[in-house]
Amino acid sequence: ANAASLQALFEQSPPTALTASELAAIACPTTIARGAQTRLCYSLVTDAAAGIVPAARHVKVADAGHLLPEQEPERFASLVHEHLKAASSATGVAR
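Quantities reported herein were computed from a predicted structural model and do not represent experimental measurements.

Further remarks concern the pairing of strand β2 (residues 57-61). Pairing of strand β1 (residues 31-35) with β2 involves 5 bridges; the strand directions are parallel. Looking across to β2, one finds that R34 is bridged to K60. On the question of chirality, the crossover connecting β1 to the parallel β2 by way of helix α3 (residues 40-52) is right-handed.

Before going further, it helps to spend a moment on unusual backbone geometry. At A55, a position not held by glycine, the phi torsion is positive, near 55 degrees. The backbone phi angle of D63 is positive, close to 55 degrees, even though this residue is not glycine.

This paragraph deals with the pattern of salt bridges. The full count for this structure, using the stated rule, is 3 salt bridges. The salt bridge involving R34 is made with D47; its shortest N-O contact spans 2.8 Å. With a gap of 13 residues between them, R34 in strand β1 and D47 in helix α3 connect regions that are remote in the sequence. Note that E82 and R57 form a salt bridge whose closest N and O atoms lie 2.9 Å from each other. Residue E82 is located in helix α5 (residues 73-91), and its partner R57 is located in strand β2; the two are separated by 25 residues in the primary sequence. Exposure remark for E82: the relative accessible area of 36% places this residue in the partly exposed category. Exposure remark for R57: the relative accessible area of 32% places this residue in the partly exposed category.

With that out of the way, let us pick up the nonpolar core. Counting residues in hydrophobic clusters, the biggest one holds 6 residues: L23, I32, A49, A50, V53 and A56. With residues near it in sequence (within four places) discarded, A50 still touches I32, A56 and H58. The next biggest cluster of nonpolar side chains, apart from the first, holds 5 residues, and it includes V59, V61, A64 and L79.

Procedures and definitions
- Residues numbered from 1 in each chain as written.
- Predicted model: local features only at pLDDT ≥ 70, side-chain atom pairs only at ≥ 80, totals over all residues.
- Heavy atoms only, no water.
- Pairing = 2+ DSSP bridges.
- Helix = DSSP H or I, 4+ residues; strand = E, 2+ residues; numbered from the N terminus.
- Right-handed = clockwise from strand over helix to strand, strands pointing away.
- Salt bridge = Lys/Arg side-chain N within 4 Å of Asp/Glu carboxyl O.
- Buried < 20%, exposed > 50% of the residue type's maximum accessible area, 1.4 Å probe, protein only.
- Core = buried A, V, L, I, M, F, W, Y, C linked by side-chain atoms within 4.5 Å.
- Contact = heavy atoms within 4.5 Å.

So this is what it looks like as structure tokens:
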């Protein structure tokens, strides 16, 4: 299973680069979340993005690491639900 995972990682496309000015131009409701136990190299990027995106909701999930969506899908789904509920209230769109 590890060899197959590595193969998939090496074959994936690189992530799209985002600049600070592109992040600052985001005008829709945004939640940026990370696990409180996320490694520093990842948390620095997440925290910086949360500081740049206007009015972003920044969530640090207690007792969670970098892979929250895979390790705790129910908890992640709850965050998504909270975001959608807050976003619909802010924009006046009923969900």
